[in-house]
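# A closer look at the structure
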Amino acid sequence: MLVSLKEIAKYVDISGLTPEEIASRLTFSGIEVEEIKTLSQATNLVVGKVISCLPHPNSDHLHVCKVDVGTEILDIVCGAPNCRKDLKVIVAKVGAKLPGGEIKAGKIRDEVSNGMLCALNELGVDPKFLKDEQIKGIEELDDSFEVGDTEVLAKLGLDDVILDLNLLANRSDCYSLYNVAREIGALFNRKVTIPTYEDEGTYVSEIIPGSETDKCDEFYLKEFNDIKIQESPKWLKEVLRSQGIRSIDNIVDIGNYVMLLTGQPIHMYDKDKLAGKDLTVKDTYSTKVVALDDKEYEIIPGDLIVASGDTPSCIGGVMGLKNVEVDENTKNIVVEVARFHHASIRHTSNRLGLVSDSSQRFVKEINPHQASSVLNLVSHLLKEVSVYSKESKISKYDTVDHTQKVIECSYSYINRRLGTDFDKETIKNTLTSLYFELSEKDEDNFTVKVPFSRIDVDGKADLSEEVVRYNGFSNVKSALPYMETTVGGLKVEEKKERAIEDLLLNRGFDEVLSYVLISEKDHSLFNYVNLDTEYKVLNPLTEDRKYVRKNLLTSLLRCAEYNLNHKNNDFKIFEISPIQTVNKIESHLVLGFFGNEYRQDHFAARPYDFFDAKGVLEAILTMFNIAESRIKIERIENSKELHPGRSAKIILDGKILAVLGELHPSIKNEFSMKNTTATVLEMNLSVLFASRSANNRFTQISRFPTVTRDYAFIVKEDIKFLDIKRELKKASSLIKDIVLFDIYKGEHVKEGYISLAVTVYFTSMDHTLKDEEIQAVDKKIREIISLKFVGEIRQ
């Protein structure tokens, strides 16, 4: 934001203050001044008159001139094509310092030259503000300039100092010169005078403002008739130039000038080109329009369009359209002052690539309480720069609550929050100086009415910020806050996660970190452990980052895909991360085995399989002392993601704990793993950590010999071995373990049945087992197989 101190001086007394003092005070009050610059850096200039201009004897384009500068006649060689006798010019005398260097006396092709006749761009004026003839030749001064006058820069309007402000998002109010003047007045205790004007309209316009969307809650209009479009006066051109804006014509320039003064963008329509008798804001259009830059843009639903009838007339807050452009033939104009939703303008502006001063102000939000005063200011200024016959009264559509904001606060709160000891009068005077209306309720508590221009102030925390930035941060005590000494450490859940991490790292896994946001395709895969509703990003940066993940498997597989594509073919990886869905937050573990395991360089290669993942699962369950009897294993049927015969769902105490298995061949193609073995596991650690786990117990090893017996039996194939094992262990305390060593299905076994072979281990802690004891348990085992499981013992 560029701020002209010459313009600021119209509204606040800055006499006696240097630009450096103003910049320093603004910066330390939270409004950073990035740079102080002048419009021109030229020195030792004077107004001269060419009294003689002859061709240079040794050049076909130079002139030898005699120039009257009031106190002397100077010989100067000039190459400008428009140099001629009786022309008033800007003369840089010997010793003058210009942006291009210092002027020295010398000879140019044997002719003496004691100075330089200047063009404005040679004095530091940006060429974008100049006409072609001004750039190609020297500046031609009019009769208002007197020969010998040394205040050349002042006469040209180039004696201004510009402050370049770097405004933070919370101080969008300072995109208004009026508000910058108020800020300077408050900081230096100087009088501020902001002019106000009344509505001088004499009739009601037939153009009716309106809005069919909640993204525009304020839309004001004023009509001007028989207006004359012409070149802007010198003072307006100079103001705009100082603010970095090129002059177009008196109507456009007034629009830009009002925006600079108030921070409120305005737009003007040629009334006679409007398709209807209304201007209504809508956000449902899907069409193509031609804007003022003569380019075609596609409008989609959500873009704000100001329409007349059903015809688009403006891309609201971004750019006007060609079909209602104000041009040299315009006679009647309608001036719009509106407030558009900042997010909508940002989306449209970014999508179309149309970023302007107006759109940036809407994006950062504007003061919604000044629409009438802005239109009255437009009316006043148009009288100065143009001619029109009459103006309408202000017409408006307005659903904004214009009640002045009131905040309750206390002196003790401000000091406590800031760590300061400001007295009541200091705080009171500070807020009053910053235009807050303060009313005390008691010795400590008070209320303030927030000035309408301060749209950034919402609560008492903002009031404390106002106090400290006004009085200086040096008042904050440089002492550490008092804190009780506490013992640091990890939470119980964090310790358990660390234990699992250490287990996996010790088993040769590498830890990975993946994106929380995933694509629509990925979010529909591997939803076994968490069935809650996921979050969807309303405005994703890309389609690949549209959903908040509710499982970790797809993210792990994308990471594995990246490594496989980069020729990292054999690896084990894992990730532990929180999963947040609509109704809960959980901690999940995911791990994967990809390629082969090598135990002796590349000689003993073995593809990873289901049992590798199962082994890790058992190790984790053992670490947390989860009894085998609490675990239920279910086969995963009809899955397009996990291999139907090599995958399982793990249930702990009736809750889904984990899913593991080898990838289905069809899904492997999706992740570029067609020729790679891939086994994965995802576990809900929150379920694991919330379950009760037994303490570690010491179990003495029996001093007496163990007896083994093998059994083979045929049962229905839908009977799970785990259920058989549990029932057999109940038969006797002498059974130490039961191990499955063979599964057979085929010849000599009926359809729908399966043959299992197990080894049963018998032992006693206090004596050597006798044959009768073994026989008794053997009988029970046979009865359980034949009666409970309707099985057949094979001899």
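Right, let's walk through the structure included here.

Criteria and cut-off values
The numbers attached to residues start from 1 for each chain and follow its sequence in the written order. Thresholds applied to this predicted model are a pLDDT of at least 70 for local features of residues and 80 or more for the giving and counting of side-chain atom pairs; totals over whole chains, interfaces and linings are not thresholded and use all residues. Note: side-chain values were computed over all heavy atoms of the structure, leaving out hydrogens and water. Counting from the N terminus, the helices are DSSP H or I runs at least four residues long and the strands are E runs at least two residues long. Radius of gyration: C-alpha atoms only; globule rule: 2.2 Å multiplied by the number of residues to the exponent 0.38. Think of it in three bands: with a 1.4 Å probe and only protein chains considered, a residue is buried below 20% of the maximum accessible area for its type, exposed above 50%, and partly exposed in between. In what follows, residue pairs with any heavy atoms lying within 4.5 Å of each other are defined as contacts. The Shrake-Rupley method, run with a 1.4 Å probe sphere, supplies the accessible areas, and residue values consider only the shown protein chains as cover. In this tally, Asp and Glu contribute negative charge and Lys and Arg positive charge; neither His nor the terminal groups of the chain are included. Lys charges are placed at NZ, Arg charges at CZ, Asp charges at CG and Glu charges at CD. Axis lines are fitted through C-alpha atoms, for helices just across the contact stretch, and the angle between N-to-C directions can take any value from 0 to 180 degrees. Roughly parallel covers angles under 35 degrees, roughly antiparallel covers those over 145, roughly perpendicular covers 65 to 115, and oblique covers all other angles. With the far helix as reference, a near helix turned anticlockwise by less than a right angle produces a left-handed crossing, and one turned clockwise produces a right-handed crossing. When residues are sorted by character, Ala, Val, Leu, Ile, Met, Phe, Trp, Tyr, Cys and Pro go into the nonpolar class, Asp, Glu, Lys and Arg into the charged class, and all the rest, Gly among them, into the polar class. At least two DSSP bridges between two strands are required for those strands to pair. Note on definitions: salt bridges are taken to be side-chain nitrogens of Lys or Arg within 4 Å of carboxyl oxygens of Asp or Glu. Two N or O atoms form a polar contact when they lie within 3.5 Å of each other; inside protein one atom must be a possible hydrogen donor and the other a possible acceptor, and for residues adjacent in sequence the pair counts only when both atoms belong to side chains. One fewer than the residue count of a helix, multiplied by 1.5 Å, yields its expected span. Side-chain rings of Phe, Tyr and Trp, where Trp is taken by its six-membered ring, are said to pair if the distance between their centres is within 6.5 Å; with planes under 30 degrees apart they count as stacked, over 60 as edge-to-face, and otherwise as tilted. By the criterion adopted, a ring carries a charge over it if an Arg CZ or a Lys NZ lies within 6 Å of its centre and within 35 degrees of its normal. Using a 1 Å grid laid over the protein atoms alone, points where a 1.4 Å probe fits but cannot get out form a cavity; open sets with protein on both sides within 12 Å along at least 5 of 7 lines form a pocket; any residue with an atom within 4 Å of a point counts as lining. Grid points are joined across faces, edges and corners, and a volume is the space filled by probe spheres set on the points. Here, the term nonpolar core denotes a set of buried Ala, Val, Leu, Ile, Met, Phe, Trp, Tyr and Cys residues that are joined through side-chain atoms within 4.5 Å.

### A short note on the overall build of the chain
A count of helices and strands for the chain gives 21 helices and 42 strands. In summary, the chain has a C-alpha radius of gyration of 42 Å against a globular reference of 28 Å for 795 residues, an excess of more than 25%. Taking all 795 residues of the chain together, the buried fraction comes to 48%. Of all intrachain contacts in the chain linking residues separated by at least 6 positions in sequence, the fraction that spans at least 24 positions is 70%. When the accessible surface of the chain is split by element, carbon and sulfur atoms take 49% of a total near 40700 Å². For the chain, the separation between the mean place of its 103 positive charges and that of its 126 negative charges on side chains is 6 Å.

### Observations concerning the packing of helix H14 (residues 492-506) against helix H17 (residues 610-623)
Closest axis-to-axis distance for the H14/H17 pair is 11 Å, and the angle between their directions is 140 degrees. With respect to their mutual orientation, H14 and H17 come out oblique. Seen from above, H14 lies across H17 with right-handed handedness. Across from Ala 499, Ile 500, Leu 503 and Leu 504 in H14, the residues of H17 making contact are Val 616, Ala 619, Ile 620 and Met 623. Grouping the amino acids of the contact of H14 with H17 by side-chain chemistry returns 8 nonpolar, no polar and no charged.

### Observations concerning the sheet that holds strand E20 (residues 311-315)
Taken in spatial order, the 5 strands line up as E13-E16-E19-E20-E21 in an open sheet, and their pairing is mixed. Since the sheet does not close on itself, it has two edges, and those belong to strand E13 (208-211) and strand E21 (319-320), each with one partner. In the sheet, strand E16 (residues 278-282) pairs with strand E19 (residues 305-308) via 3 bridges, with the strands oriented antiparallel. Following the sheet pairing, Thr 280 is matched in E19 by Ala 307.

### With respect to the pattern of salt bridges
In this structure the tally under the stated criterion is 58 salt bridges. Across the salt bridge formed by Arg 339 and Asp 217, the nearest N and O atoms sit 2.5 Å from each other. Here Arg 339, found in strand E22 (residues 333-340), pairs with Asp 217, found in strand E14 (residues 216-225); they are 122 residues apart in sequence, far enough to count as distant. Shared partners join several salt bridges into a network, and the residues in it are Arg 171, Asp 173, Glu 183, Arg 454, Asp 456, Glu 466 and Arg 469.

### A few points about the side chain of Ser 647
Mapped onto the elements of the fold, Ser 647 is located in strand E36 (residues 642-652). In this structure the side chain of Ser 647 is engaged in a polar contact, spanning 2.6 Å, whose partner is the backbone oxygen of His 643. Residue contacts for Ser 647: discarding those within four places in its chain leaves Phe 610, Arg 635, Ile 636, Leu 642, Leu 660 and Gly 661.

### A few points about the packing of helix H20 (residues 721-730) against helix H21 (residues 771-788)
It is at 9 Å that the axes of H20 and H21 come closest, and there the two elements cross at 135 degrees. Classed by the angle they form, the pair H20 and H21 counts as oblique. In terms of crossing hand, the pair formed by H20 and H21 is right-handed. Each of Ile 724, Glu 727 and Leu 728 in H20 lies in contact with H21, whose residues at this interface are Ile 781, Ile 784, Ile 785 and Lys 788.

### Concerning the sheet that holds strand E31 (residues 571-580)
A sheet is described by the order of its strands in space; here 7 strands give the open sequence E28-E31-E32-E38-E37-E36-E35, paired in mixed fashion. Unpaired on one side and paired on the other, strand E28 (510-511) and strand E35 (631-635) mark the two borders of the sheet. Two elements, E35 and E36, share 5 bridges in a ladder whose sense is antiparallel. Bridging across to E36, Ile 631 finds its partner in Leu 652.

### Section: helix H5 (residues 177-188)
With 12 residues, H5 ought to run about 16 Å at 1.5 Å a step, and its terminal C-alpha atoms sit 16 Å apart, in line with that. With 11 of its 12 residues buried, H5 lies for the most part within the structure. By the burial criterion, the buried members of H5 are Leu 177, Tyr 178, Asn 179, Val 180, Ala 181, Glu 183, Ile 184, Gly 185, Ala 186, Leu 187 and Phe 188. Asn 189 sits one or two residues past H5 and shows a positive phi near 55 degrees.

### So, the packing of aromatic side chains
Applying the stated criterion across every chain yields a total of 11 aromatic pairs. When the centroid spacing of 5.2 Å and the interplanar angle of 80 degrees are considered together, the rings of Phe 224 and Tyr 388 count as edge-to-face. Of this pair, Phe 224 sits in strand E14 while Tyr 388 sits in the loop between helix H10 (371-385) and strand E23 (390-391), and the two are 164 residues apart along the sequence. According to the relative accessible area criterion, Phe 224 is buried, its value standing at 0%. One Lys or Arg, Arg 25, reaches over the ring of Tyr 470 and ends 5.6 Å from the middle of that ring. Lys 155 extends its terminal NZ or CZ atom over the ring of Phe 145, reaching a point 5.6 Å from the ring centre.

### Brief notes about unusual backbone geometry
Positive phi, close to 70 degrees, is recorded for Asp 86, a residue that is not glycine. Structurally, Asp 86 is set in the loop between strand E5 (73-78) and strand E6 (88-93). A positive phi is found at His 748, a non-glycine position, where the angle reads about 75 degrees. Structurally, the position occupied by His 748 is in the loop between strand E40 (735-744) and strand E41 (753-762).

### Considering the layout of surface pockets
There is about 1600 Å³ of room inside the largest pocket. Around the largest pocket, the lining comprises 39 residues; the ones closest to its centre are Phe 610, Lys 614, Ile 633, Phe 721 and Leu 722. Of all elements in the fold, only H17, E35, E36, H20, E40 and E41 reach the threshold of two or more residues within the lining of the largest pocket. For the lining of the largest pocket, the element with the most residues is H17, which contributes 7 residues. Along the lines of polarity and charge, the residues of the lining of the largest pocket split into 20 nonpolar, 5 polar and 14 charged. Computed from the structure, the second largest pocket encloses a volume of approximately 1000 Å³.

### Some words on the nonpolar core
Core analysis: the largest hydrophobic core is formed by 76 residues, its most contacted members being Ile 8, Ile 22, Leu 26, Leu 163, Leu 165, Leu 382 and Leu 431. Those residues within four positions of Leu 163 in sequence are excluded, and the remaining contacts are Met 1, Leu 2, Val 3, Leu 5, Pro 19, Ile 22, Ala 23, Leu 26, Val 33, Glu 35 and Ile 36.

Keep in mind these numbers describe shape, not what the thing actually does.
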